[in-house]
Amino acid sequence: MSGVMEQSLRDALQERFGGRVKMDEPMAKHTTWRVGGPAEVFFEPETEQDLVALMSLLSEATPIHWVGLGSNLLVRDGGVAGVVITSRKMQRISEREGEYQAYASASLPCATLARSLVRWGMGPSEFFAGIPGSFGGALTMNAGAHGTETWDAVTRVRVIDRSGEIRVRDAGTFDVGYRSVVGLEGGWFIGAHLHFDESYEPSLERLRELQARRHATQPIGLPSCGSVFANPAGDHSARLIEATGLKGFRLGGAEVSPKHANFIINTGDASASDIESLIDHVATEVAQQHGVQLRHEVRFLGEVVS
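Conventions adopted
- Residues numbered from 1 in each chain as written.
- Predicted model: local features only at pLDDT ≥ 70, side-chain atom pairs only at ≥ 80, totals over all residues.
- Heavy atoms only, no water.
- Helix = DSSP H or I, 4+ residues; strand = E, 2+ residues; numbered from the N terminus.
- Buried < 20%, exposed > 50% of the residue type's maximum accessible area, 1.4 Å probe, protein only.
- Contact = heavy atoms within 4.5 Å.
- Pairing = 2+ DSSP bridges.
- 1 Å grid on protein atoms, 1.4 Å probe; cavity = no way out; pocket = protein on both sides within 12 Å on 5 of 7 lines; lining within 4 Å.
- Points joined across faces, edges and corners; volume = space filled by probe spheres on them.
- Axes fitted to C-alpha atoms, helices over the stretch in contact; angles between N-to-C directions.

### With respect to the environment of M90
Right, so step 1: By the element assignment, M90 lies in the loop between β5 (80–85) and β6 (93–96).
Right, so step 2: Assessed through its relative accessible area of 15%, M90 is described here as buried.
Right, so step 3: When the C-alpha positions of M90 and D24 are compared, they lie 22 Å apart, and in sequence the two are 66 residues distant.
Right, so step 4: Setting aside residues up to four positions removed in sequence, M90 forms contacts with P45, E46, T47, E48, L51, S105 and S107.

Printed below as a string of structure tokens:
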């Protein structure tokens, strides 16, 4: 990793935030694939005021990266220059009783969000239990499961920009599509207001059924990122990958899951390079055999080891 931050800035961050800032932190500890080189600076804010204070210390040239639960993310072996922020200590969810409205922070795990919303009688919300990461990641990519998507319920979002300004924006100011949200350039989600259908009655039994189906069909408990590729129109990536004969195929320590072909697992000693090479191989083989160009959902971060 080629660092970009002067030692004086690193010292100032540690003086201001103490143990909330770590230097050269291995990202393998913070990703669900359990791979990744070190983050030059790793920051765990506890409040929105911490975020504002951080932005005031950084220059426009300092790279900033946000990481939730570390799913849907491949951190390369060369590490990450700049500041990596994880807001896991800022988890918050609240309801407006009787109004079918809630507020959730970006750091909240989607599974926790699902349980809370179902308990409050707000839905459809059970599908959030099928999303492996944090609510912020779901907002950023309009994640979905079982035919429902995150932005179906979003009315307003709270965002922070590089200057540290926090604003509330209406959902309609974003261009939202399948696994795509456009309009956040230069900022990051820190939470969202949600509104649900009053006529829908969410079911704890339904939530448990969806969780059971996920455990039955996906390699839960093994190091993966969740689904690697978005589904092409009218088809499923898993079907195409399996039809290509790639279930169980390995490169180094990375393997196409024998249980679900749209998952790549770390068998124990995979490098980020192994995983990225396998992603490229799968996409190339599917394109050659079926004429379909798969689009990966995974976000790549950091530098390749030269």
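There's more to say after this.
### Looking at the pairing of β5
Right, so step 1: With respect to burial, β5 is a largely interior element, 6 of its 6 residues being buried.
Right, so step 2: Relative to β5, strand β2 (residues 38–43) runs parallel, the two sharing 4 bridges. What sits directly across from A39, in β5, is V80.
Right, so step 3: Note: strand β3 (residues 64–66) against β5, 3 bridges, orientation parallel. Bridge pairing links H65 to V84 in β5.

### A closer look at the layout of surface pockets
Right, so step 1: Size it by volume and the second largest pocket reaches roughly 250 Å³.
Right, so step 2: Taken together, 16 residues form the lining of the second largest pocket, with T32, R214, G221, L222 and S224 sitting closest to its centre.

### Quick word on the sheet that holds β2
Right, so step 1: Spatially, the 4 strands line up as an open sheet ordered β1-β2-β5-β3, and their pairing is mixed. Strands with a single pairing partner mark the edges of an open sheet, and in this sheet they are β1 (21–26) and β3. Looking at each pair of strands side by side, their axes are set apart by 35 degrees on average, direction ignored.
Right, so step 2: Across the sheet, helix α1 (residues 7–17) is in contact with β1 and β2; its angle to β1 comes to roughly 120 degrees.
Right, so step 3: Packing of helix α2 (residues 48–57) onto the sheet brings it into contact with β2, β3 and β5, and relative to β5 it is tilted by some 155 degrees.

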